[in-house]
Amino acid sequence: LFPLPVRGSEGLYMVNGPPSFTESAAFQRDSGKNCKAVAFSKDGSLFAWCSGEKVNIVNVTGPELLRSFHLPKAVCLEFSPRNNILATWQVYSTAKDGTAGLPNLLLHDVKTGKCLKSFIQKKMQNWCPCWADDESICARNVNNEVHFFENNDFNTITNKLHLQKVNDFVLSPGAQPTKVAVYVPGSKGAPSFVRLYQYPNFGGPQSALANKSFFKADKVTMLWNKKATAVLVIASTEVDKTGASYYGEQTLHYIATNGESAVVQLPKNGPIYDVVWSPNSVEFCAVYGFMPAKATVFNLKCDPVFDFGTGPRNAAFYSPHGHILVLAGFGNLRGQMEVWDVKNYKLISKPVASDSTYFAWCPDGEHIVTATCAPRLRVSNGYKIWHYTGSLLHSYEVPSGEEMWQVCWQPSLDGVFPAKAVKYQAVPSELPSAGPKPAQAYRPPALRNKPVTSSKLHEDEPPQNMRPQSGSSDKPLSKTALKNQRKHEAKKAAKQEAKADANQESTQSSAPQSAPRSAAPAISSGDPEVDKKIKNLRKKLKAIEQLKEQAAAGKQLEKNQV
C-alpha cells in the first residue's frame, strides 16, 4: 500500500509503504545518478520520471513501460488531472546565432505518445499549464495575460483574460463551473489587487465575483479552499520598512466568491510562516508572529476559533480528512511536531523529527513521512515514517557519501480511504521514538558546582484550553472586541503617562509654592452634591492646565487629551 519513490545519488527506487517498508519488486530500480524529476498522476495510477536520457511512464501496479520519450534535458514533469497529458519542461536556450530557441514546454498525449503542442516557456516558475479537474479548461500565463484552451485543443485559444499585467493566476479546484483568481501587482502608487472571476465571464471589473486591493505586496500566494468558495491571499514585501524583520512584511487577506473580503487580524506581530485551509473548507490555520510563533484556527468570518498558544513552529499540515492537524518547526527549528485532534482540540502526540526538510501526510490519514533531503541539507539524508500517535515505524538513512533528493507518497483520489476514529494510544513499533539528546547548556566555571537555575528567554503561552481559568470567559475575542481592547489599553497607557508627567511637574514645583495652595480654604456650599461637582470641575480644570503646559513645552498630546 502507498509505495514511496526515493530519488537520490543511489538512483530511483520504490519502497513499499506501511506495514512492510521493503523495496518494491513491481518497480525496477533505475540506478542512474541523473534522475532529475518524478511525478505521479493525480489518482496515483501512473508514475513518470526522467532518467537523464528519457522520460518514462509506467503503471504503478504493473512493471510494464507504457511510454518513453527521448528528452535528455527534461527537468520538470506533470500529469493532467485525468491522465490524458504529460507536460514536460526543460531549460530554455537560444540558438548560437542569437535567434529564438526551440520550444521547451511540451504536451504529450499519454495514450498515443504524440506531442500535441509545444510552447516557449522561459521561466521555470509556474511553468506548467493549469487544468480544471475535469480537463475541460486549460490555462497558462503568456506575457501578462491568461490564455484559455478547451477540451485539450491547444491550437485555438478560446478565451483570454487581459488585465493591465496579470502576474499570477490560480484555477479553483473541484467541479464546474471553474473560477479563476488573478493577481495584478500595483504600480505608480496604485494598489495591487486580487480578483475572482467565473469562467468565461471576463468582461471588465463589473463581471468579477470579488475584488480585494491592498498595498504592501511584492508577491502574493493565493490559496483556494476545496469547495472553491473562498481564497486566502498572503501578500508579502521583500523588505520590512520598519526594520522589524529580515523577512519582509506579510499580511493575510480573505476573499469569498460572494464578494465578501477582509484582512485577517493576527493578534501577534511578525512574519506569517504558513497558512493552510482545512479540507472541510470552513476553517483555516495560520502560523505567525516572531518566535515563539503563535498558531490559530480561524473561521470564515476571520474570527479566531482556537488558539494553540506559542511554540517553536513554522508550518501546519491538515490530514487528508481534516480531523488531525500537525504544527511543526522544520528548517532552522529543531523538528518538534504537535499532533492535534481538531474536533476536540486535544493534543495526541509530540514526536520530534530532527533536521527535517520535508513533511507529507499519507492519503490514508494515518501515516506521515518526514525527510532530510539534499541540497537543503547534505548530511544525514534519509526519511522516517511515523504513525500520527507518535510512533516511529520505519527509518532509513543513506550511506555516507550518498545523497537523497526526494521522497513522496503515491497519491490517491479523495474518498478512497474513509476517515477513521482518532486514536490517542501510541501504536506499537519496533523502533524507539528517539528524540534528540538534550544538549547541555554552557555553564561558566564559576557556576559549575552550584545548583542549576532554569532561565528561559521567554515563556511559551499554553493553548487556550490549557490556560489557568480566570474569571473572564475563555472564548477567543471577536474582531470588534479585540479592537476595543486595544483602544482601552491605549487610553490607559495615555492616562498613566499624563499622570506620571503631572507628578513630575508637581514635585518640580518648589515646596513654598505648594504650601499656600494646600492652605487655600475649602469653600463649602452646604450641599454635599454641589461640593462634589465643584471638586470634580476643579480637578478637570487642573488637568486641563497641566495638559496646556505640556503642549506648550512641546509634548505631542493624544487625541482624547486634546
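Cut-offs and rules
Residues numbered from 1 in each chain as written. Predicted model: local features only at pLDDT ≥ 70, side-chain atom pairs only at ≥ 80, totals over all residues. Heavy atoms only, no water. UniProt positions renumbered as here; feature names shortened; annotations may be inferred. Helix = DSSP H or I, 4+ residues; strand = E, 2+ residues; numbered from the N terminus. Contact = heavy atoms within 4.5 Å. Areas by Shrake-Rupley, 256 points an atom, 1.4 Å probe, with all protein chains shown as cover. Buried < 20%, exposed > 50% of the residue type's maximum accessible area, 1.4 Å probe, protein only. Polar contact = N/O pair within 3.5 Å; in protein donor to acceptor, adjacent residues only side chain to side chain. 1 Å grid on protein atoms, 1.4 Å probe; cavity = no way out; pocket = protein on both sides within 12 Å on 5 of 7 lines; lining within 4 Å. Points joined across faces, edges and corners; volume = space filled by probe spheres on them. Nonpolar A, V, L, I, M, F, W, Y, C, P; charged D, E, K, R; others polar. Salt bridge = Lys/Arg side-chain N within 4 Å of Asp/Glu carboxyl O. Patch = residues over 30% accessible without salt bridge, like charges linked within 9 Å, V, L, I, M, F, W, Y side chains within 5 Å. Lys, Arg positive; Asp, Glu negative; His and termini not counted. Charge placed at Lys NZ, Arg CZ, Asp CG, Glu CD. Pairing = 2+ DSSP bridges. Axes fitted to C-alpha atoms, helices over the stretch in contact; angles between N-to-C directions.

- The chain is annotated in an unreviewed UniProt entry as Eukaryotic translation initiation factor 2A from Centropus bengalensis.
- Regarding the chain, the relevant UniProt record gives this comment under Sequence similarities (unreviewed entry): "Belongs to the WD repeat EIF2A family."

1. Considering the overall build of the chain
Here is step 1: Scanning the chain from N- to C-terminus turns up three helices and 35 strands.
Here is step 2: Of the contacts made within the chain by residues no fewer than 6 positions apart, 44% connect residues no fewer than 24 positions apart.
Here is step 3: Summed over its atoms, the accessible surface of the chain is roughly 31,500 Å², and 54% of this surface lies on carbon and sulfur atoms.

2. Some points on the side chain of Ser-391
Here is step 1: By the secondary structure assignment, Ser-391 is in the loop between strand E33 (382-387) and strand E34 (392-397).
Here is step 2: On the basis of relative accessibility, which here comes to 5%, the residue Ser-391 falls in the buried class.
Here is step 3: A distance of 2.6 Å separates a polar atom in the side chain of Ser-391 from the backbone oxygen of Val-427.

3. A short note on empty space enclosed by the protein
Here is step 1: A complete count under the given rule lists one cavity of 30 Å³ or more for this structure.
Here is step 2: The volume enclosed by the largest cavity comes to roughly 30 Å³.
Here is step 3: The element contributing the most residues to the lining of the largest cavity is strand E1 (residues 4-8), with three residues.
Here is step 4: For the lining of the largest cavity, the per-class residue count stands at five nonpolar, two polar and three charged.

4. Quick word on the pattern of salt bridges
Here is step 1: Taken as a whole and assessed by the stated rule, the structure comprises seven salt bridges.
Here is step 2: Arg-29 is the partner of Glu-23 in a salt bridge, and the nearest nitrogen-oxygen pair spans 3.1 Å.
Here is step 3: Under the relative-accessibility criterion, Arg-29 is labelled partly exposed at 33%.
Here is step 4: Salt-bridge contacts for Asp-133 lead to Lys-42; the nearest nitrogen and oxygen are separated by 3.3 Å. Here Lys-42 lies in the loop between strand E3 (37-40) and strand E4 (46-50) and Asp-133 lies in the loop between strand E11 (130-131) and strand E12 (137-142), a separation of 91 residues in the sequence.
Here is step 5: What makes Asp-133 partly exposed here is its relative accessible area of 27%.
Here is step 6: By relative accessible area, which is 40% here, Lys-42 ends up partly exposed.

5. Quick notes on the environment of Val-184
Here is step 1: By secondary structure assignment, the location of Val-184 is in strand E16 (residues 179-184).
Here is step 2: You can call Val-184 buried: its relative accessible area is 2%.
Here is step 3: Separated by 16 residues in the primary sequence, Val-184 and Asp-168 place their C-alpha atoms 7.4 Å from one another.
Here is step 4: If we skip the residues at most four places from it in the chain, Val-184 touches Leu-163, Gln-164, Lys-165, Val-166, Ser-192 and Phe-193.

6. A word on a positive patch on the surface
Here is step 1: Together, Lys-483, Lys-487, Lys-491 and Lys-495 make up a positively charged patch on the protein surface.
Here is step 2: Locating Lys-491 in the fold gives a position in helix H1 (residues 479-508).
Here is step 3: For Lys-491, a relative accessible area of 53% gives the class exposed.

7. Quick notes on the sheet that holds strand E13 (residues 145-150)
Here is step 1: Pairing is antiparallel across the open sheet formed by four strands, whose spatial order is E11-E12-E13-E14. Here the strands that pair on one side only, and so sit at the sheet edges, are E11 and strand E14 (159-162).
Here is step 2: As defined by bridge partners, E11 adjoins E12 across two bridges and the pair is classed as antiparallel. Pairing of Trp-131 across the sheet is with Cys-138, part of E12.

8. Quick look at the sheet that holds E33
Here is step 1: The four strands lie next to each other as E31-E32-E33-E34, forming an open sheet whose pairing is antiparallel. Two strands in the sheet have a free side with no partner beyond their single neighbour: strand E31 (358-361) and E34. Adjacent strand axes in the sheet meet at a mean angle of 15 degrees, parallel and antiparallel pairs treated alike.
Here is step 2: Bridging between E31 and strand E32 (residues 367-372) involves four bridges; their strand directions are antiparallel.

9. Points about the side chain of Thr-178
Here is step 1: Secondary-structure assignment places Thr-178 in the loop between strand E15 (168-171) and E16.
Here is step 2: For Thr-178, a relative accessible area of 2% gives the class buried.
Here is step 3: Not counting residues up to four positions away in its chain, the partners in contact with Thr-178 are Ala-132, Ile-137, Leu-171, Ser-172, Tyr-197, Gln-198 and Tyr-199.

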